[in-house]
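One-letter residues, chain by chain:
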Amino acid sequence: QVQLVESGGGLVQAGRSLRLSCAASGSISSINVMGWYRQAPGKQRELVAQITSGFLTNYADSVKGRFTISRDITKNTVYLQMNSLNPEDTAVYYCAADRARRMTVSGTGVNYWGQGTLVTVSS
């Protein structure tokens, strides 16, 4: 089993930055891909960014150029650097991990999830 613990959420003004962290523990060898999803009230869950065990990354179009995902293998930690935040980024952000090489867009089938951390961007 894998446990994911997130931190870094909070209230921030539009245009500012936040960095989310997610530390993994447990059966670390079960993890290949790691990533971040988010869900805003009344909206579908969406995949924000993912990073493979080979450090390949991809991003949702809505965050491309503003967000950066990174991974520290020695610390079993994944980060999401969020720059130029806007109110549309307001959501609960969930760290996720899976044995698979890649994540699904919806999150369906992803095995390991963090508890979620709330990011609120004010205008």
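All of the points below concern the structure found in this document. (Residues numbered from 1 in each chain as written. Predicted model: local features only at pLDDT ≥ 70, side-chain atom pairs only at ≥ 80, totals over all residues. Heavy atoms only, no water.)

**Describing the side chain of Asp89**
Line of reasoning, step 1. Here Asp89 shows up in the loop between strand E8 (77–82) and strand E9 (91–98).
Line of reasoning, step 2. With sequence-adjacent residues up to four places away left out, Asp89 is seen in contact with Arg38, Val63, Arg66, Phe67, Ser84, Val119 and Val121. (Helix = DSSP H or I, 4+ residues; strand = E, 2+ residues; numbered from the N terminus. Contact = heavy atoms within 4.5 Å.)

**Quick look at unusual backbone geometry**
Line of reasoning, step 1. Its identity as a non-glycine residue notwithstanding, Phe55 has a phi of 70°, on the positive side.
Line of reasoning, step 2. Of note, Phe55 is situated in the loop between strand E5 (46–51) and strand E6 (57–59).
Line of reasoning, step 3. Classification of Phe55 by relative accessible area gives partly exposed; the value is 45%.
Line of reasoning, step 4. With phi around 50°, Asn76 is a residue other than glycine that occupies positive phi space.
Line of reasoning, step 5. Here Asn76 lies in the loop between strand E7 (67–72) and E8. (Buried < 20%, exposed > 50% of the residue type's maximum accessible area, 1.4 Å probe, protein only.)

**Overview of the environment of Asn76**
Line of reasoning, step 1. Taking the relative accessible area as the measure of exposure, Asn76 reaches 27% and is therefore partly exposed.
Line of reasoning, step 2. Once you skip the residues sitting within four places of it in the chain, Asn76 turns out to touch Cys22, Ala23, Ala24 and Ile28.

**With respect to the state of the cysteines**
Line of reasoning, step 1. Per the counting criterion, the structure on display carries 1 disulfide.
Line of reasoning, step 2. For Cys22, the disulfide goes to Cys95, at an S-S distance of 2.0 Å. Judged by the sign of its S-S torsion, about -80°, the bond between Cys22 and Cys95 is left-handed. Here Cys95 lies in strand E9 and Cys22 lies in strand E3 (residues 18–26), a separation of 73 residues in the sequence.
Line of reasoning, step 3. Exposure remark for Cys95: the relative accessible area of 0% places this residue in the buried category. (Disulfide = S-S within 2.5 Å.)

**Notes on the sheet that holds E7**
Line of reasoning, step 1. Read across the open sheet, the 4 strands follow the order E1-E3-E8-E7; overall the sheet is antiparallel. Strands with a single pairing partner mark the edges of an open sheet, and in this sheet they are strand E1 (2–7) and E7. Taken pair by pair, the neighbouring strands of this sheet meet at an average axis angle of 15°, ignoring direction.
Line of reasoning, step 2. By the bridge criterion, 6 bridges tie E7 to E8 in an arrangement that is antiparallel. Bridging from a neighbouring strand, Ile69 pairs with Leu80 of E8. (Pairing = 2+ DSSP bridges. Axes fitted to C-alpha atoms, helices over the stretch in contact; angles between N-to-C directions.)

**Concerning the pairing of E8**
Line of reasoning, step 1. Among the 6 residues that make up E8, 5 are buried, leaving the element largely enclosed by the rest of the structure.
Line of reasoning, step 2. Bridge count between E3 and E8: 6 bridges; the pairing is antiparallel. Counted as the bridge partner of Leu18 is Met82 from E8.
Line of reasoning, step 3. Between the antiparallel neighbours E7 and E8 lie 4 residues, among them Asn76 with a positive phi of about 50°.

**Regarding the packing of aromatic side chains**
Line of reasoning, step 1. For the coordinates displayed, the defined rule picks out 2 aromatic pairs.
Line of reasoning, step 2. Ring centres of Tyr37 and Trp113 lie 5.0 Å apart, and the angle between their planes is 45°; this geometry places the pair in the tilted category. Remark: Trp113 occurs in strand E10 (residues 112–113) and Tyr37 occurs in strand E4 (residues 33–39); sequence separation between them is 76 residues.
Line of reasoning, step 3. Taking relative accessible area as the criterion, Tyr37 reaches 0% and is therefore assigned buried.
Line of reasoning, step 4. The class of Trp113 is partly exposed, set by a relative accessible area of 26%.
Line of reasoning, step 5. Each ring, one from Tyr94 and one from Trp113, has its centre 6.4 Å from the other, and the planes form 80°; the classification is edge-to-face. Pair noted here: Tyr94 is in strand E9 and Trp113 is in strand E10, with a separation of 19 residues, a long-range link.
Line of reasoning, step 6. The class for Tyr94 is partly exposed, based on a relative accessible area of 22%. (Phe/Tyr/Trp six-rings, centres within 6.5 Å; stacked < 30°, edge-to-face > 60°.)

Function-wise, these values are silent; they only describe arrangement.
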